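Okay, here's what each chain looks like letter by letter:
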Amino acid sequence: MPDQHAGTSGSLFGGVFARGSAIIDDRAWLQAMLDAEAGLARALERAGLAPAGAGEAVTRAARANDFDIVELGELSALAGNPVPGLARALAVKVGGQRSRAVHRGASSQDILDTAAMLLARRAIDAARADLTAAAAAAAALATEHRTTPMIGRTLLQQAVPVTFGAVAAGWLAALDAAITGLAETRRTRLAVQFGGAAGTLASLGPDGVRVKAMLADELQLADPPVPWHTERLRIIDVGVSMARVTAALSKIARDVTLLAQTEVAEVAEGSGGPEGGGGPDGGGVAAPRRGGSSAMPNKINPVAAVAILGCAKQAPGLLATLVASAEQEHQRAAGAWHAEWQPFGQLLQVAASAASWGGELLANLEVDTGKMAANLTAAGGLPLAERVSALLRNAIGAAEAHDLVATAAAKAATSGVPLRDILLADPDLEDKLTKAGITQADIEQALDPAGYLGAAADFTDAALAAHEGSISW
């Protein structure tokens, strides 16, 4: 049985890159275009510009499953986009006088751009739901591990101790920021496109502005002051908000892949789906196992984290194409508008997919506090070198304290002897410590990770409080 969260686009890579409830494939684009055409027909009827019942008739006919996507794709070569062929096919299905409501007053770009906004709303809502679940899981981790010490790492090297709660709080803050960005984009940047041939709605005469407002109302999109055919900031803003989603999630995923390394083993991915297995008699080939390798039976790979990174790595290039396509000439671009279609949909898809993976990753993350403590102990006190240096500063001076502890730390690292023992074996230092009133117990206290966590708990509490007070939409 396939994973219940896997994508349903039917593509070979859909399980990884088309995960969750927002599937932005050809059929989704087609349905969004049909929804735009149906909304227009209803608006025209409301405005008295289409026969009674035309809106309902077009809406009833506007079902993507009743259209041949392959044929429409072939027809798109005749006009440079799929809308003309679709409008003709839709009019045929409606038939009679009511078919005159199909595509009246609209340009192909009106339908495609409005469809893009409908798809964006769908992807934003799906990503928001999954990010909300991910944020809740991150908040739970931050709360549970508020004071759990672990080695901090900077430039991939061991640094001073931190808490896993503070790490999870950082994840939480980024997720909340991504959710806020999506909310703002949904509220302010999703707008209907309706300008006709060159942005003037000339074919509708004095009724154009009124129909535009009604179309926006029918589709529950904003009604912008003017058509935005060659002003593409809305497309970019949607792209940026989705790219921010992948950015927030990729940081979490990268942390997990590093912390889940065999030699580190401080976290592990829990199973978010069914485990595979052989038949009842143990014979035959076993079904695929979550995290398994095709070559190495021992492997349990961090699949969700890797999938998030696979999605996130695509986002910058897709967003760059949208930004590069924003230079659009006069009232209709020759090529730049066309260049947006695929990367826009792909960016929506990979961001929504990453969000779906992220919700699962954090909800099932397994934290090994014992391994965190063991890794701290195995460091031999080196992560506390900064604190020891600060302790010695008043006794021997800042520069000498730094150099002495640096030398001792180097000896500890090469010999495997704990930093404590190296320091206490130095007779010159012992004399200076005695004169300064610094005891062996003071040195040992300085080397206790639990006593050098700074404001980690305060920062964790602040992130949790901000999360509780974050917007709800």
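Look above for the structure.
Residues numbered from 1 in each chain as written. Predicted model: local features only at pLDDT ≥ 70, side-chain atom pairs only at ≥ 80, totals over all residues. Heavy atoms only, no water.

### Topic: the overall build of the chain
Here's step 1: Helix and strand content of the chain: 19 helices and 4 strands.
Here's step 2: For a compact globule of 473 residues, the expected C-alpha radius of gyration is about 23 Å, and the chain comes in at 30 Å, more than 25% above that figure.
Here's step 3: Across its three principal directions, the C-alpha atoms of the chain cover 100 × 60 × 35 Å.
Here's step 4: Relative to its full complement of 473 residues, the chain shows a buried share of 46%.
Here's step 5: Considering only intrachain contacts with a sequence separation of at least 6, the fraction spanning at least 24 residues in the chain is 76%.
Here's step 6: Across the chain, the 38 positively charged side chains and the 50 negatively charged ones have centroids separated by 7 Å. (Helix = DSSP H or I, 4+ residues; strand = E, 2+ residues; numbered from the N terminus. Rg over C-alpha atoms; globule rule 2.2 N^0.38 Å. Buried < 20%, exposed > 50% of the residue type's maximum accessible area, 1.4 Å probe, protein only. Contact = heavy atoms within 4.5 Å. Lys, Arg positive; Asp, Glu negative; His and termini not counted. Charge placed at Lys NZ, Arg CZ, Asp CG, Glu CD.)

### Here's the deal with the layout of surface pockets
Here's step 1: Size it by volume and the largest pocket reaches roughly 720 Å³.
Here's step 2: Along its surface, the largest pocket is lined by 26 residues, and I24, D25, D26, W29 and Q342 are the ones closest to its centre.
Here's step 3: Mapped by element, the contributors of at least two residues to the lining of the largest pocket are α1 (14-17), α2 (26-46), α4 (69-79) and α12 (336-363).
Here's step 4: In terms of residue count, the dominant contributor to the lining of the largest pocket is α12 (6 residues). (1 Å grid on protein atoms, 1.4 Å probe; cavity = no way out; pocket = protein on both sides within 12 Å on 5 of 7 lines; lining within 4 Å. Points joined across faces, edges and corners; volume = space filled by probe spheres on them.)

### Here we look at the pairing of strand β2 (residues 157-163)
Here's step 1: Where strand β1 (residues 149-154) meets β2, 5 bridges bridge the pair, whose relative direction is antiparallel. When the bridges of β2 are listed, M150 appears paired with V162. (Pairing = 2+ DSSP bridges.)

### Remarks on the pattern of salt bridges
Any two side chains of opposite charge can pair, on the condition that their charged atoms come close.
Here's step 1: Under the definition given, this model contains 18 salt bridges.
Here's step 2: One salt bridge connects R42 with E218, and the closest N-O pair in it is separated by 2.7 Å. Taken together, the residues R42 in helix α2 and E218 in helix α8 (residues 208-219) connect sequence positions 176 residues apart.
Here's step 3: When the shortest N-O distance is used, the salt bridge between D223 and K212 registers 2.6 Å. (Salt bridge = Lys/Arg side-chain N within 4 Å of Asp/Glu carboxyl O.)

### Topic: empty space enclosed by the protein
Here's step 1: Going through the model one piece at a time under the given rule, you end up with 1 cavity of 30 Å³ or more.
Here's step 2: Here the largest cavity is characterised by a volume of approximately 60 Å³.
Here's step 3: Around the largest cavity, the lining residues are W29, L112, D113, A116, R232, I235, W337, E340, W341 and F344.
Here's step 4: Residue assignment for the lining of the largest cavity shows that the elements contributing at least two residues are α6 (108-144) and α12.
Here's step 5: For the lining of the largest cavity, the element with the highest residue contribution is α12, accounting for 4 residues.

### A look at helix α3 (residues 54-61)
Here's step 1: Buried within α3 are the following residues: A54, G55, A57, V58 and A61. Viewed end-on, α3 has its buried residues packed into an arc of 165 degrees, placing them on one side of the element.
Here's step 2: In this fold, the buried residues of α3 make contact with α2 and α5 (83-94). (Arc of directions from axis to C-beta.)

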